[in-house]
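The residues making up each chain are set out below.
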Amino acid sequence: MNFDLVIHDGTLVLPNENLVADLGISESKIAEIGKNLIGARNIDATGKLVLPGAVDPHVHLDMPVGATRSSDDWASGTIAAACGGTTSIIDFIEPEPGQPLLQALISREMEANGKAAIDYGLHMTVRDGLAETIAQLPGVIAHGCPSFKTYLTYAGFKLDDAAMLKVLESVGTLGGLTLVHAENDAIIEHITHQLVSARKTNPAYHPVSRPASAESEAIHRVLTFAKVAHASIYIVHISTADGVEELARAQGNGVIAFGETCPQYLLLTEAEYKRPDFEGAKFVCSPPLRTEFDNKQLWKALSEDTLQSVGTDHCPFNYFGQKDLGQDVFTKIPSGLPGIESRLALLYTFGVRAGRISVNQWVDLCSTNPARIFGLYPQKGSLLPGSDADIVVFDPNRKVVLSSTMLHEHVDYTPYQGFQLHGYPVMTLLRGDVISEEGKFTGQLGSGQFMPRWVEDLWSNKNIRESQI
Ligand code: URP
Ligand code: ZN
Ligand code: ZN
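Residues numbered from 1 in each chain as written. Chains lettered and ligands numbered in written order. Predicted model: local features only at pLDDT ≥ 70, side-chain atom pairs only at ≥ 80, totals over all residues. Heavy atoms only, no water.

Let's shift gears to the coordination of the zinc ion (ligand 2). In this structure, His181 (ND1) and His237 (NE2) serve as the protein donors to the zinc ion (ligand 2), at separations of 2.1 Å. Every donor counted, the four donor atoms about the zinc ion (ligand 2) form angles of 58 to 152° at the centre, which fits irregular coordination. The distance between the zinc ion (ligand 2) and the zinc ion (ligand 3) comes to 3.8 Å. In this pair, His181 is assigned in strand β12 (residues 177-181) and His237 in the loop between β13 (233-235) and α9 (241-252), connecting sequence segments 56 residues apart. His237 shares its class with His181; the two are buried. (Donors = N, O, S within 2.8 Å, 3.2 Å for Na, K, Ca; no water. Tetrahedral: all angles 85-135°; square planar, octahedral: opposite > 155°, others 65-115°. Helix = DSSP H or I, 4+ residues; strand = E, 2+ residues; numbered from the N terminus. Buried < 20%, exposed > 50% of the residue type's maximum accessible area, 1.4 Å probe, protein only.)

Structure, rendered in C-alpha cells:
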C-alpha cells in the first residue's frame, strides 16, 4: 500500500515505549506504524523524535482584560503555537454578564473561524451560580463544550462558596468537568489594600499580595466541594508546593481531581519581580511566580502523576503600551505571561534532559493527558492508527537560545529571554499537512477547525484515572 506521506526512521514516542519506525499517513490520519513504508511524499526523521502534536488546554487569545486585550489574536497566537509544536489549543469563552451562554459561544467561535491555524476547542466560563445560568449548561455541552471555567477571585468573575458548590454539582451531574482558578479572594483583597495604603505599589509587591496560602486554601476548599458534590475537577495553573500537597491528599481520598501547572511555575521565581525599574511587570501573572522550592515540588508532582497536565496559560501583554498601564500601581498591570510557543521545548530541556521526567512523561504531560482529560483522545494526543495526523518532528540535538525576536508570539518580550535550549521542534504537521518547518509557518490561516468535545470522552468519565491514582 502507498501512503500519502511517510515519516521515515524517526523515534516514535509512544505511551510506554520508544520505537524507531516509519509512520504512514493517509487522508489526514495516521494509517500505520511499520518498516519500509512507501509514501507519495516522504520525510526523513532519522535521529529525530516523532510525537503527537502538543495539546495546550489553557490559552487566552484576544482576551479582553479591563481596557485592553491579550496581544495575540487567533491568527498570531496559533501561528506561534504551530511553530512550537502545538496543534490543538483550548481557549475560553467569557460571556458578558447576563449574556446567553450559547450566544457567547457562537460569537467566540466566529472570532476564531477563518483565522486559526491549528485546531481549537473552547471552555465556557461560568460567572455565577444562578438558576438561569445553570439551566443553560446542557445546551453548552450539546454544542461540544463540556468543560466549564470558574474563578474564586477577580471582581466580576469570582464565585462565592455557594455558587461554586452549585456549579460543581450541576456540571458534575451533567458529566462535565469544572476548571478552577483557585486563589482566596479575601486574602488578596485584604493584603492588596494594606500594600496600596502604605504606597507599596511597585511590581515587587504583586507576589506579596497573593501569598502561597491564598492558593492552598482555595485549592483545599474547592477540592472539599468537589468531594461533597461528587464532581470531577481540574485545577488550573497550580504554582505552590502546598497546593500540590492538597491535590495529592484529595486524590488519595478518591476525588477525581486533575492538576495543571505551567512552565513559568516550573522555571521562574519571584526574584524576577525585583528587577530594576519597572521590569518586574513583565512577570506579573496570577497566581504569581514562587520560590525554587515550589519549582522543585512541582517537577516532582509531574514525575509522580499528581499533576497530569502542563498548559501555558498564554495571556500575553506587551511591556510597552500594556504592562505599563500599571506604572503607578501593580494592581493595574494586566496579568498574564506569554508562552504558547516555547512549552514543548522548555519541558524537553529542563524536564527530559535534566532527568526530571522521562520522554514519555513529557509527551503525556504536553499532549496525551490534556487530550484525554478534555475529551480529545484518541483523535488528538496519539500516534496510533486512526488518530489525526497531528505530528511533531523534534530534534533532540538542536541548540536554540530563546529570544522574543525568534518567537512568533505577538508580544515585545519573552519571560524566557536567553534560556538555552537543547532540543527544539523542527516540523509540525496538522492533519497530515506541514504547518511549520525550521521555525517558519507554512500552514494556512483558517485551516484550524473547531473541535467539539463530548462528555462520554472526558477522562473523568472513563474510569481510567481511578486505576492510575
Ligand atoms: O495572570 C493570568 N494568569 N492571567 C490569565 C487569566 C488567568 O487567570 O488564567
Ligand atoms: Zn487563572
Ligand atoms: Zn488562564
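Here Ser216 lies in helix α8 (residues 212-229). Taking the C-alpha atoms as reference points, Ser216 and Glu183, separated by 33 residues in sequence, lie 7.6 Å from one another. The contact partners of Ser216, leaving out residues within four places of it in the chain, are Asp242, Gly243 and Glu246. (Contact = heavy atoms within 4.5 Å.)

Strands sit in the order β6-β9-β10-β11-β12-β13-β14-β15 across an open sheet of eight strands; the sheet is parallel. Because the sheet does not close on itself, it has two edges, and the strands there are β6 (54-56) and β15 (309-310). As defined by bridge partners, strand β9 (residues 86-93) adjoins strand β10 (residues 119-125) across six bridges and the pair is classed as parallel. Residue pairing in the sheet places Phe92 in a bridge with His123 of β10. Strands β9 and β10 of the sheet are contacted by helix α2 (residues 101-112), whose axis makes an angle of about 150° with β10. Against the sheet, helix α13 (residues 359-373) engages β6, β12, β13, β14 (257-261) and β15, with an angle of about 60° to β6. (Pairing = 2+ DSSP bridges. Axes fitted to C-alpha atoms, helices over the stretch in contact; angles between N-to-C directions.)

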